[in-house]
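Structural overview
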Amino acid sequence: MSDAALRKRKTQSDTKGQARKEINAANTQRKNEADVDTAALLRYIKILWIPLVLCFGGIFFFNPSTITDIGNSWFGTDSGDSWSSNSAGIDLRYIPDVEKRDAVVEAFKHAWRAYERDAMGDDEYHAMSKKGTNLTEAGGIGYTVIDSIDTMLIMGLEEDYQRARQWVETKLSFEKDGVFNTFETTIRVLGGLLSAYHLSSNDKLYLDRAIDLADRILPVFNTNSGLPWPQVNLAQKKGVPNSDYQAVVSTAEVSTLQLEFRYLSYLTDNEEYWEKAEDVMRVIKEAKMAHGLATIYMHVETGKYIPSTIRLGSRGDSYYEYLLKQYIQTNYTEPVYKDMYDDAMEGIHRHLIQQSPNSKMIYTAELIPERTETGELNWHLSPKQDHLVCFFGGSLMLGATVAEAMVQPVSVPPKRKELTPNGIRDWVTGAALIKTCWDTHDTATGLSPEIVYFITPQDNLDPSSVSSDWYIKGAEPYAPPPYDARYILRPETVESLFIAFRLTGDIKYRNWGWSIFQAIEKHCKIETGGYASVLNVDEVPATWEDKMETFLMSETLKYLYLLFEDANVLPLDKYVFNTEAHPLPIFTPTVRTAFADS
Ligand SMILES: *[C@@H]1O[C@H](CO)[C@@H](O)[C@H](O)[C@H]1NC(C)=O
Ligand SMILES: *[C@@H]1O[C@H](CO)[C@@H](O)[C@H](O)[C@H]1NC(C)=O
């Protein structure tokens, strides 16, 4: 398998080696690393889940109920509508900040036109060397072009858009005898095509390409369980297992294809797209664990969870995101997703949400299984938070207003009495998590690192000796920066800022977004065109890595643009964004009933 096929987006911090480490952490007794066969896994799952569920009672170090006390300031007052931080009472959401918005458009042009000049049609771009590369040797599949098209439509870049469209019409082909990641190809390319179709007022070119691609991906669902193979050969139309652990799939990857396949089914009346995507959710629902949480790995033959880390970061993140978004996508007609979402949010609050001891930062920890010498499984909390988790603050706030509200629509921001107790809990936690993500931008560059750790009471540190409750693990003066210290142009914090601004009208979210944008301009921008990743957010001048991730143009700059744009553009009650920031319209299914009702 090529390295390219291993490249993950939401799973960037998972190299092959790390995935292996995580599985082995739960499995230190097994000697033969490369051979996790089905029988052993089955045995393993049977033995392990009983202690696993039982031991959940005694593992955490923090009682989450205390956080509900700190959230009052995020609500609108119940009596008046003086929620706006603008004293004139003007609803700022409908006033675009034209200057800042246009600065984001300039940044997009700086990125896109460099790519177009040096690497048009190649899957990925390296702005320092002014070169493109493809994911496989079989040739490009429009990874960067298609991921960027809807942003051009949204920003009104007509000429750039026409050139990109021309490329799709004349050059794009999915007849590529190479192995591609199922999830990445779906969220970026299929999602990008579907969004382009809608935003171009149904330009059939995109729908035809989307159908062609989806039909090539569809065979991945032909497994014993219905969970898809993690990879696909697009020319051979064949699912391909992971080379290391054939039976292992990542939970977020299998559960983050649904918005795309469901919308395509809605457009084409082809039931197969819908059923294959929905079957995955049925399998996951049946695999349900007592606490409502999901481990980051599942077994492709049995459809069961595999003892492995539980977290909202890589390989876990968008499972939770798509529970809510599937509920939103079909206009709240499928209560099964709300039920699954409710269970998950309960489990997250009970087991993962933590608060740092001094500055009381709210964050999400990870639960890591470990085998003891006697072969038992212990779970321990790791106070580690991926940058990827920063999507979750906005997601919780959005969920509070749509899935946990007593009236529709709620005020902006919602009043306490408009939300259920769970809605209040989620709103408060969401706002606090966004604040935490913002606080991790307190670095030399103003950019936040890929991974942060928090101090815990168990560290027994003297509060007066601690300058901050979070740190970058392994960062030492004069030593090479650890992996954790990077900023690779990720969108998750600005995604949450966009949602929070739309739901509150609070100008501070625009201010924070502007500050992050300026840090990107200052430290990631390459004079000759394009952007680079930064190796150490605490080093100025920054050292670059020669990679411009496609999500810079599809997500980071799109969410920043929308943060400063009029809220009538892509309103949240009419659109749901896929996990790659491709907006898809909300629709009401006419004939279909949700699987839980059948
Ligand atoms: C990537 O693939 C495209 C389409 O097959 C091809 O034209 C292009 O030369 C490839 N680029 C590189 C850098 O190999
Ligand atoms: C969602 O459902 C409501 C009625 O419950 C309806 O008024 C609204 O138009 C629907 N929205 C869409 C996008 O179908």
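Residues numbered from 1 in each chain as written. Chains lettered and ligands numbered in written order. Predicted model: local features only at pLDDT ≥ 70, side-chain atom pairs only at ≥ 80, totals over all residues. Heavy atoms only, no water.

- The name given to the protein in an unreviewed UniProt entry is alpha-1,2-Mannosidase, with the source organism recorded as Marasmiellus scandens.
- Recorded under Cofactor (unreviewed entry), the UniProt text for the protein is reproduced unchanged: "Ca(2+)".
- Heading Sequence similarities (unreviewed entry) of the UniProt record for the protein holds this comment: "Belongs to the glycosyl hydrolase 47 family." (UniProt positions renumbered as here; feature names shortened; annotations may be inferred.)

**Describing the site of ligand 2**
- Close contacts around ligand 2 come from Asn331, Ile586 and Thr588, and that covers them all.
- In the model, an oxygen atom of ligand 2 is placed 2.3 Å from a nitrogen or oxygen of the Asn331 side chain.
- At a separation of 2.5 Å, an oxygen atom of ligand 2 approaches a polar side-chain atom of Thr588. (Near = heavy atom within 4 Å. Polar contact = N/O pair within 3.5 Å; in protein donor to acceptor, adjacent residues only side chain to side chain.)

**Things to note about the layout of surface pockets**
- Taken as a whole, the largest pocket encloses approximately 490 Å³ of empty space.
- Within the residue set of the lining of the largest pocket, elements represented by two or more residues are helix H14 (391-402) and helix H16 (492-504).
- For the lining of the largest pocket, the element with the most residues is H14, which contributes 3 residues. (1 Å grid on protein atoms, 1.4 Å probe; cavity = no way out; pocket = protein on both sides within 12 Å on 5 of 7 lines; lining within 4 Å. Points joined across faces, edges and corners; volume = space filled by probe spheres on them. Helix = DSSP H or I, 4+ residues; strand = E, 2+ residues; numbered from the N terminus.)

**Some points on the sheet that holds strand S7 (residues 297-299)**
- The strand order S6-S7-S8 describes an open sheet built from 3 strands, whose pairing is antiparallel. Where the open sheet ends on each side, the last strands, each with one partner, are strand S6 (248-250) and strand S8 (305-306). (Pairing = 2+ DSSP bridges.)

**Description of the site of ligand 1**
- Taken together, Asp122, Gly132, Asn134, Gly139 and Gly140 make up the full set of residues adjacent to ligand 1.
- Measuring from a nitrogen atom of ligand 1, one finds a side-chain N or O atom of Asp122 at 2.9 Å.
- One of the backbone N or O atoms of Gly140 is found 2.8 Å from an oxygen atom in ligand 1.
- Burial of ligand 1 by the surrounding chains reaches 43%, relative to a free accessible area of 360 Å². (Areas by Shrake-Rupley, 256 points an atom, 1.4 Å probe, with all protein chains shown as cover.)

**Concerning the environment of Asp177**
- You can see Asp177 is positioned in the loop between helix H6 (158-170) and strand S3 (179-181).
- Setting aside anything within four residues of it in sequence, one finds Asp177 in contact with Ala138, Asn233, Ala235 and Gln236.
- A distance of 2.8 Å separates polar atoms of two side chains, one belonging to Asp177 and the other to Asn233. (Contact = heavy atoms within 4.5 Å.)

**Points about the pattern of salt bridges**
- Going through the model one piece at a time under the given rule, you end up with 38 salt bridges.
- We note a salt bridge from Glu175 to Arg216, for which the minimum N-O separation is 2.9 Å. Taken together, the residues span a long stretch of sequence, with Glu175 in the loop between H6 and S3 and Arg216 in helix H8 (residues 204-217) at a distance of 41 residues.
- According to the relative accessible area criterion, Arg216 is buried, its value standing at 8%.
- Lys435 serves as the salt-bridge partner of Asp439, at 3.0 Å between the closest nitrogen and oxygen. In this pair, Asp439 and Lys435 are both assigned in helix H15 (residues 421-439), 4 residues apart and thus about one turn of the helix distant.
- One salt-bridge network, in which partners are shared between bridges, spans Arg113, Glu116, Asp160 and Arg163. (Salt bridge = Lys/Arg side-chain N within 4 Å of Asp/Glu carboxyl O. Buried < 20%, exposed > 50% of the residue type's maximum accessible area, 1.4 Å probe, protein only.)

**Focus: unusual backbone geometry**
- Residue Val412 is joined to Pro413 through a cis peptide bond whose omega torsion reads -10 degrees.
- Within the fold, Pro413 resides in the loop between H14 and H15.
- That bond from Val540 to Pro541 is cis: its omega, 0 degrees, falls within 30 degrees of zero.
- Looking at the secondary structure, you find Pro541 in the loop between strand S16 (533-534) and strand S17 (544-545).
- Although it is not a glycine, Arg315 adopts a positive phi angle of roughly 70 degrees.
- Secondary-structure assignment places Arg315 in the loop between S8 and helix H12 (317-329).
- Looking at Arg315, the relative accessible area reads 8%, which means it is buried.
- At Leu570, a position not held by glycine, the phi torsion is positive, near 50 degrees.
- Inspection of the secondary structure assignment puts Leu570 in the loop between helix H18 (551-564) and strand S18 (575-577).

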